[in-house]
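Reading the structure
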Amino acid sequence: MSAHKARRVLDQIRGRSYQETLMILELMPYRACYPIFKVIYSAAANAKHNMGLNEEYLVIIKATVDEGTTVKKLKPRARGRSYPIKRPTCHITIVLKNISLYEESVVENSIGLGTIQGHHSLWFAQPKNYSKGLQEDQKIRECIKNYVQKNMRISSGVEGIARIEIQKRIDLIQIIIHMGFPKLLVEGKPRRIEELQMNVQKELNYVNRKLNITITRITKPYGHPNILAEFIAGQLRNRVSFRKAIKKAIELTEQADTKGIQVQIAGRIDGKEIARVEWIREGRVPLQTIRAKIDYCSYRVRTIYGVLGIKIWIFVDEE
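This one's a predicted model, so the numbers in the text were calculated from it and none came from an experiment.

Glancing now at the overall build of the protein. Counting its secondary structure elements, the protein contains 9 helices and 10 strands. Considering only contacts within the protein whose residues lie at least 6 apart along the sequence, 62% involve residues at least 24 apart. Surface accessibility of the protein: about 19,900 Å² in total, with carbon and sulfur atoms responsible for 49%.

Given below as structure tokens:
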């Protein structure tokens, strides 16, 4: 395979997510797609088994190809003659990056930090240990969400977790879980919090540090975008029309005394073959005003038609 044929394919997948890349390579008509598919699949498998990364958060940040040696062969012909065949080769380099560490702390809250919003993680670390602290926070949040999802007493799929705040000290880790429906988790089993603490300690191998987990109830749960996105995702999984799901979510938000909301859904909506973006806005949503306190979240939902993306902006107040 020549470098030109491989480069024609790599230009289409550079900067895309892992799952989107696999879908593109399966649909492209070029013969160079299959060896590139195997290289990317192998790189993702190494990241999953060797480093424990989730394939959903992998992005291709580098895809290059260099010319290799030319393989020379002879093809026999009649009367003892032959003619040479030159087959070019190439070297393909794929680099994947994990973006899960930057979704909550950087993308969603970067504009309002320090003015109208606070940090979800409060701790101090040396520069060389900063990445380890971020990975530890991500593992704590994933462990808590998985436990809540398994032990919730409802079948709608709404976890009800608005946010998870982590405060680290020398010998203590304080975790505050802000939930909209804590009774659905604690009711019937008062020792659920102790079980959750044991699971987190077992997952992160805490020996010299004490772990304390508290659950606080949110008075108006549907005024938070994460809980609202889980509600819309549950409706879409049950094949409810996306317009009905969005309008019902807007009605629930109006009961929480918000000033405005904007909901956007992208993907193969209602099973259509062509992906599109649909959005509905109710009230004021001043995205360009820094003093406006706007809660934002992005959420992925898997349906029988594929993956849909949900984005929600809620205008809470203005300072």
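So that's the structure; there's more coming.
We now examine a positive patch on the surface. A surface patch of like charges, here positive, comprises K5, R8, R31, K73, K75, R77, R79, R81 and R87. If you trace the backbone, R79 turns up in the loop between β1 (58-76) and β2 (82-98).

Turning our attention to the sheet that holds strand β9 (residues 292-303). Ordered by their spatial adjacency, 4 strands build an open sheet running β8-β7-β10-β9, and the pairing between neighbours is antiparallel. In this open sheet, the two strands that pair with only one neighbour each are β8 (276-283) and β9. Strand-to-strand, the axes of this sheet are offset by a mean angle of 10 degrees, without reference to chain direction. Across the face of the sheet, helix α9 (residues 242-254) comes into contact with β7 (260-267), β8 and β10 (306-318) while running at roughly 25 degrees to β8.

For the rest of this paragraph, the subject is unusual backbone geometry. One non-glycine residue with positive phi stands out, namely R239, at about 65 degrees. Residue classification places R239 among the exposed residues on the basis of a relative accessible area of 62%.

Moving on, we come to the environment of N98. Residue placement: N98 occurs in strand β2. Exposure remark for N98: the relative accessible area of 17% places this residue in the buried category. Each C-alpha atom, one on N98 and one on V59, is 6.5 Å from the other, the two residues being 39 residues apart in sequence.

Turning our attention to the pairing of β7. The element β7 is extensively covered by neighbouring structure, given that 6 of its 8 residues are classed as buried. The pairing of β7 with β8 spans 8 bridges and is antiparallel. Looking at β8, one finds that G260 is bridged to G283. For β7 and β10, the ladder comprises 7 bridges, and the chain directions are antiparallel. Bridging from a neighbouring strand, I261 pairs with I314 of β10.

With that settled, consider the side chain of T253. With respect to the secondary-structure elements, T253 resides in helix α9. Looking at T253, its side chain comes within polar contact range of the main-chain oxygen of A249, at 2.8 Å.

Attention now moves to the packing of aromatic side chains. As enumerated under the stated definition, the model contains 4 aromatic pairs in all. Here the aromatic rings of W123 and Y130 are separated by 5.6 Å at their centres, their planes lie at 40 degrees, and the arrangement is tilted. Residue classification places W123 among the partly exposed positions, given a relative accessible area of 22%. Owing to a relative accessible area of 45%, Y130 belongs among the partly exposed residues under this scheme. On the basis of an interplanar angle of 40 degrees and a centroid distance of 5.4 Å, the ring pair of Y296 and W313 is categorised as tilted. Placement of Y296 in strand β9 and of W313 in strand β10 is noted, with a sequence separation of 17 residues between them. Lying across the ring of W123, K168 places its NZ or CZ 4.8 Å from the centre.

Right, let's get into the pattern of salt bridges. What the rule picks out here adds up to 9 salt bridges. In this structure, the salt-bridge partner of R14 is D11, at a minimum N-O distance of 3.1 Å. The class of R14 is partly exposed, set by a relative accessible area of 39%. Among the residues examined, D11 registers a relative accessible area of 45% and is labelled partly exposed. When the shortest N-O distance is used, the salt bridge between R163 and E165 registers 3.1 Å. Residue class for R163 comes out partly exposed when judged on its relative accessible area of 27%. The exposure class assigned to E165 is buried, which follows from its relative accessible area of 18%. Within this structure, E136, D137 and K168 form a network of salt bridges that share partners.

Attention now moves to the environment of I250. Summarising the element assignment, I250 is placed in helix α9. Remark: the alpha-carbon pair of I250 and L228, spanning 22 residues in sequence, is separated by 9.0 Å. Those residues within four positions of I250 in sequence are excluded, and the remaining contacts are I261, I280 and E282.

Calculation criteria
- Within each chain, residue numbers correspond to sequence positions counted from 1 in written order.
- Given that the model is predicted, a residue must reach a pLDDT of at least 70 before its local features are reported, and side-chain atom pairs must reach 80 or more before they are shown or counted; all residues, however, enter totals for whole chains, interfaces and linings.
- In computing side-chain values, all of the structure's heavy atoms are included and hydrogens and water are not.
- Each helix is a run of H or I in the DSSP string that is no shorter than four residues. Each strand is a run of E no shorter than two, and both are numbered from the N terminus.
- Should any heavy atoms of two residues lie within 4.5 Å, those residues are considered in contact.
- Using a 1.4 Å probe, the Shrake-Rupley method yields the accessible areas, and only the shown protein chains count as cover for residues.
- Patches draw on residues past 30% relative accessible area with no salt bridge. Two like charges within 9 Å are joined, as are two nonpolar side chains (Val, Leu, Ile, Met, Phe, Trp, Tyr) within 5 Å.
- Throughout this description, the term salt bridge denotes a Lys or Arg side-chain nitrogen within 4 Å of a carboxyl oxygen of Asp or Glu.
- Positive charges come from Lys and Arg alone, negative charges from Asp and Glu alone, with His and the N- and C-terminal ends not counted.
- Think of each charge as sitting on NZ of Lys, CZ of Arg, CG of Asp or CD of Glu.
- Pairs of strands are assigned from DSSP output, requiring at least two bridges between the strands.
- Axis angles are defined between N-to-C directions and span 0 to 180 degrees, where every axis is a line fitted to C-alpha atoms and, for a helix, only to the segment in contact.
- Think of it in three bands: with a 1.4 Å probe and only protein chains considered, a residue is buried below 20% of the maximum accessible area for its type, exposed above 50%, and partly exposed in between.
- For the purposes of these results, a polar contact is taken to be a pair of N or O atoms within 3.5 Å, where, inside protein, one atom must be able to donate a hydrogen and its partner to accept one; residues adjacent in sequence count only when each atom of the pair is a side-chain atom.
- What counts as a ring pair is set by centres within 6.5 Å for rings of Phe, Tyr and Trp (its six-membered ring), and what kind of pair is set by the plane angle: stacked under 30 degrees, edge-to-face over 60, tilted for all other angles.
- The criterion is that NZ of a Lys, or CZ of an Arg, lies within 6 Å of the ring centre and within 35 degrees of the ring normal, and then a charge sits over that ring.

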